[in-house]
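# Tertiary structure, described
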Amino acid sequence: QSVLTQPPSVSGAPGQRVTISCTGSSSNIGADSDVHWYQQLPGAAPKLLIFGNNNRPSGVPDRFSGSKSGTSASLAIAGLQADDEAVYYCQSYDTSLSEIFGGGTRLTVL
Amino acid sequence: QVQLQESGPGLVKPSQTVSLTCSVSGTSISSGGFYWGWIRQHPGKGLEYIGNIYYTGTTYYSSSLKSRVTISLDTSRNHFSLKLTSVSAADTAVYFCARAGQCTNGECFENNWFDPWGQGTLVTVSS
């Protein structure tokens, strides 16, 4: 069981907006640790999507956005496209455990 | 463009030691400011942090694997390595290497993110 809790799955129709939550605790997200997000397409390595809670690396569309509040963070994907189907992971730092990942959320585009 | 590529034996027997190497191109691992890390993914499961090494050689390990893991740098070959001892079937996974950092464009954040990643190498532990 992951220290960062994500919903196992979310889904949405093309063009819709979905959000993926990442819930931590006072020893990680709540301790001012930043949250980063990754997209893992089938058979591929994870790719950095969001760093520092709400920053996009060069080349990541602005359809992807992140936020953080208290002990939780969220990834939002607007204007869903078929090739957004992937597993999304959040990552942060825990003062007791070091680097930690969420369990992953599988996004299905209906 | 920074690229990472893992290499390793593929198949290892239980109780043995597995050694993996991550070859880095496009930058020098001793150039400073970055960590070099290992993450694994059990079949069909999520990501598990293994450990990092700073360019100075300082290491950081997951508490759950600390007793069995060693990460080292080879600056002459521009690669870094992972050694995992006393492996069992529970260590069967895809092992990824990645660069880790917490600063970009002059702004630094509280903790590291991993970017870029290697493509991963499957390690199967079986007799």
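Above this text you will find the structure in question.
Keep in mind it's a predicted model, so treat the numbers as computed, not measured.

What counts and what doesn't
Within each chain, residues carry numbers counting from 1 in the order of the written sequence. Following the order in which they are written, the chains are lettered starting with A and the ligands numbered starting with 1. Confidence filtering applies because this is a predicted model: local features only for residues at pLDDT of at least 70, side-chain atom pairs given and counted only at 80 or more, and all residues used for totals across whole chains, interfaces and linings. Remark: hydrogens and water are excluded; side-chain values derive from all non-hydrogen atoms of the structure. Contacts are assigned to residue pairs with any non-hydrogen atoms lying within 4.5 Å of each other. Buried area: the accessible surface (1.4 Å probe) lost by two parts on joining, summed over both. Only one rule defines a salt bridge in this text: a Lys or Arg side-chain nitrogen within 4 Å of an Asp or Glu carboxyl oxygen. Pairs of N or O atoms are called polar contacts if they sit within 3.5 Å, as long as, within protein, a hydrogen donor faces a hydrogen acceptor (for residues adjacent in sequence, only side-chain-to-side-chain pairs). Elements are defined by DSSP. Helices are runs of H or I of four residues or more, strands are runs of E of two residues or more, and each kind is numbered from the N terminus. When DSSP finds two or more bridges between a pair of strands, those strands are recorded as paired. To get an axis, fit a line to the C-alpha atoms, keeping to the stretch in contact for a helix; angles then go from 0 to 180 degrees between the N-to-C directions. Any residue under 20% of the maximum accessible area for its type is buried, any over 50% is exposed, and the rest in between are partly exposed; the area is computed with a 1.4 Å probe on protein chains only. The criterion is simple. A nonpolar core is a set of buried Ala, Val, Leu, Ile, Met, Phe, Trp, Tyr and Cys residues joined through side-chain atoms within 4.5 Å.

What follows deals with the interface of chain B and chain A. Taken together, the contact between chain B and chain A spans 23 residues of the former and 21 residues of the latter. Each partner contributes to the roughly 1700 Å² buried at the junction of chain B and chain A, and carbon and sulfur atoms together form 61% of this total. At the junction of chain B with chain A, the criterion picks out zero salt bridges. At the boundary of chain B and chain A, one finds nine residue pairs in polar contact (both at pLDDT 80 or more). Looking at the side of chain B that touches chain A, the elements that each hand over two or more residues are β4 (35-41), β5 (47-54), β9 (93-104) and β10 (107-117) of chain B. Broken down by element, the side of chain B that touches chain A gets its largest block of residues, eight residues, from β10 of chain B.

All names here are of chain B. Across the sheet, four strands lie side by side as β1-β3-β8-β7; this open sheet has antiparallel pairing. A strand with exactly one partner marks an edge of an open sheet, and here the two such strands are β1 (3-7) and β7 (69-74). Adjacent strand axes in the sheet meet at a mean angle of 20° when their direction is disregarded. Across five bridges, β1 lies against strand β3 (residues 18-25) in antiparallel orientation. Each residue of the ladder has a partner; that of Ser7, found in β3, is Thr21.

Further remarks concern the pattern of salt bridges. All names here are of chain B. Evaluation of the coordinates by the stated rule reveals five salt bridges over all chains. For the salt bridge of Arg68 with Asp91, the shortest nitrogen-to-oxygen distance reads 2.9 Å. Of this pair, Arg68 sits in the loop between β6 (59-61) and β7 while Asp91 sits in the loop between β8 (79-84) and β9, and the two are 23 residues apart along the sequence. Of the charged contacts, one joins Asp74 and Arg77 as a salt bridge, the two residues approaching to 3.8 Å between their closest N and O atoms. A relative accessible area of 22% places Asp74 in the partly exposed class. Judged by relative accessible area, which is 62%, Arg77 ranks as exposed.

For the rest of this paragraph, the subject is the nonpolar core. Judged by nonpolar contacts, the single largest core of 25 residues is most densely connected at Trp38 and Phe80 of chain B. Mapped by element, the contributors of at least two residues to this core are β3, β4, β5, β7, β8, β9 and β11 (121-125) of chain B. The dominant element in this core, judged by the number of residues it contributes, is β3 of chain B, at four residues. Residues Ile29, Val35, Trp37 and Tyr88 of chain A belong to the second largest nonpolar core, which totals 22 residues.

All names here are of chain B. By the element assignment, Ser126 lies in the segment after β11. The exposure class assigned to Ser126 is partly exposed, which follows from its relative accessible area of 35%. Residues Ser126 and Val12 lie 114 residues apart in sequence; the distance between their C-alpha atoms is 6.2 Å. Setting aside anything within four residues of it in sequence, one finds Ser126 in contact with Leu11, Val12, Lys13 and Pro14.

Everything listed here is a matter of coordinates, which is why it stays silent on function.
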